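# Report on the structure
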Amino acid sequence: MRSKKLSGFTLVELLVVIAIIGVLVGLLLPAVQAAREAARRTQCINNLKQIALSTASFETSKKRYPGYMESFELGVSGGHPVRRIAGWHVVLFPSIEQQQLYDMWTSDQYAMFTSLPDFCPDISVFRCPTDSLIQGDEAFGKNSYVANNGFWDDRASGGLSPIMSQSRANGIFVNRVDVSSAATDELGNVLASSVFAPSAVVMKSSDIRDGLSQTIMFSENMIARPWGYTSTAAYTSRISTFSNRTDTGMVWLYRTELPGYGAPGGVPLPAPEEKINGRKWQLDMSATPSPSYARPSAGHSGLVSVAFADGSTRTIADETGYHVYTALLCPQSTSSNAPNRLYVLKEADYE
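Read on for an overview of the structure. (Residues numbered from 1 in each chain as written. Predicted model: local features only at pLDDT ≥ 70, side-chain atom pairs only at ≥ 80, totals over all residues. Heavy atoms only, no water.)

This part takes up the overall build of the protein. The helix and strand tally for the protein stands at six helices and seven strands. Listing every helix and strand of the protein by position from the N terminus yields α-β-β-α-α-α-β-α-β-β-β-β-α. The buried share among the 351 residues of the protein stands at 51%. Across the protein, contacts joining residues at least 24 apart in sequence account for 68% of those joining residues at least 6 apart. On the protein, roughly 16,100 Å² of surface is accessible, and the fraction owed to carbon and sulfur atoms is 57%. (Helix = DSSP H or I, 4+ residues; strand = E, 2+ residues; numbered from the N terminus. Buried < 20%, exposed > 50% of the residue type's maximum accessible area, 1.4 Å probe, protein only. Contact = heavy atoms within 4.5 Å. Areas by Shrake-Rupley, 256 points an atom, 1.4 Å probe, with all protein chains shown as cover.)

This is the structure:
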């Protein structure tokens, strides 16, 4: 009598199938992760474009760019004007579908310091999806983007050189807080003129002589402060310091790698952490904005997204030279205080 043969997988065949599935999953996961990162990077670029176009719209309407600090009149108290100080983010609210929030910030009907969560919500356009670092002081108004705040002259005592820092040739965003007369914030703190740089500079698109498409207006920064950080309501201690330029802004220092440029006696070479997208500090949760860290940086692999003054966006490579970075921030390179002010930009410099 013929025996019946049982059908099925042998152990070897099963192991081969499992191995093949493992290899396929191993090949698939990086592709999925890459696709997700590409989607996050695209969203980040779209955020920057919206911010840049909103700024261009503001400039067209007001005939000037926003300041890195702005003030809103809330009335008079004790014979002195009362002002609410805010950063460039707040000025753009009407253009990013946040009119209600703008009305709340610019009206004296609301005591902001009593309800910060309502006044400093997280707004998606101000946050890069890849930016996973959440600083301890980002309880309200998380932010991933910084503005071109020009020259930080660290050759001077304390880095406080307001005249050069606010030159039209050195950057786009300046301090717009009027301190020509005694004023207080809504908490009664005196806004002393000694702590603010002059606000006489009015920066317009026509002042960007190097070309709107060759001057960076915004970039990512992984440790940027919350968008409400430069405000009397959210962080009263910050409004009396010059260093809030680096809280939601980027600056350039007197540095260059190019031989033959700079003042007699030579110019200090930039440290590696001053490069575009410096990696050493990205996972350092204790890192805080400072002149050295106030520059483009991102969690994207090998690149960082930026927006130019014409509203265009692109990514620039990690290894972009510091002299190129400086030139990209200067609206009028040949008139600027940059040590490499005669350097002619080439697109290949930052690809």
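This part covers helix α3 (residues 99-106). All of the buried residues along α3 are Leu 101, Met 104 and Trp 105. The buried residues of α3 all sit within an arc of 100° when viewed along its axis, so they share a single face. (Arc of directions from axis to C-beta.)

Let us now look at the pattern of salt bridges. Across all of its chains, the model carries four salt bridges by this definition. Between Glu 70 and Arg 64 there is a salt bridge, with the nearest N and O atoms lying 2.9 Å from each other. Given the relative accessible area of 6%, Glu 70 is considered buried. Accessibility expressed as a relative area gives 17% for Arg 64, which makes it buried. Here Asp 247 and Arg 225 are joined by a salt bridge, their closest N and O atoms 4.0 Å apart. (Salt bridge = Lys/Arg side-chain N within 4 Å of Asp/Glu carboxyl O.)

Another aspect to go through is the state of the cysteines. Between two cysteines, a covalent bond joining their sulfur atoms is known as a disulfide. This structure, assessed with the given rule, holds zero disulfides. Cys 44 takes part in no disulfide bond, and the closest cysteine sulfur, belonging to Cys 128, lies 3.6 Å away. (Disulfide = S-S within 2.5 Å.)

To continue, consider the sheet that holds strand β3 (residues 145-151). Strand order in the open sheet formed by five strands is β5-β3-β4-β6-β7, with mixed pairing between adjacent strands. The sheet is open, and its two edges are formed by β5 (249-252) and β7 (313-317), each paired on a single side. Each adjacent strand pair in this sheet contributes to an overall mean axis angle of 40°, direction not counted. Where β3 lies against β5, three bridges are found, and the strand directions are parallel. What sits directly across from Ala 147, in β5, is Gly 249. Across the sheet, helix α6 (residues 322-329) lies against β3, β4 (216-220), β5 and β6 (303-308), angled at about 120° from β5, the strand it touches most. (Pairing = 2+ DSSP bridges. Axes fitted to C-alpha atoms, helices over the stretch in contact; angles between N-to-C directions.)

Spatial relationships are all this shows, so hold off on functional conclusions.
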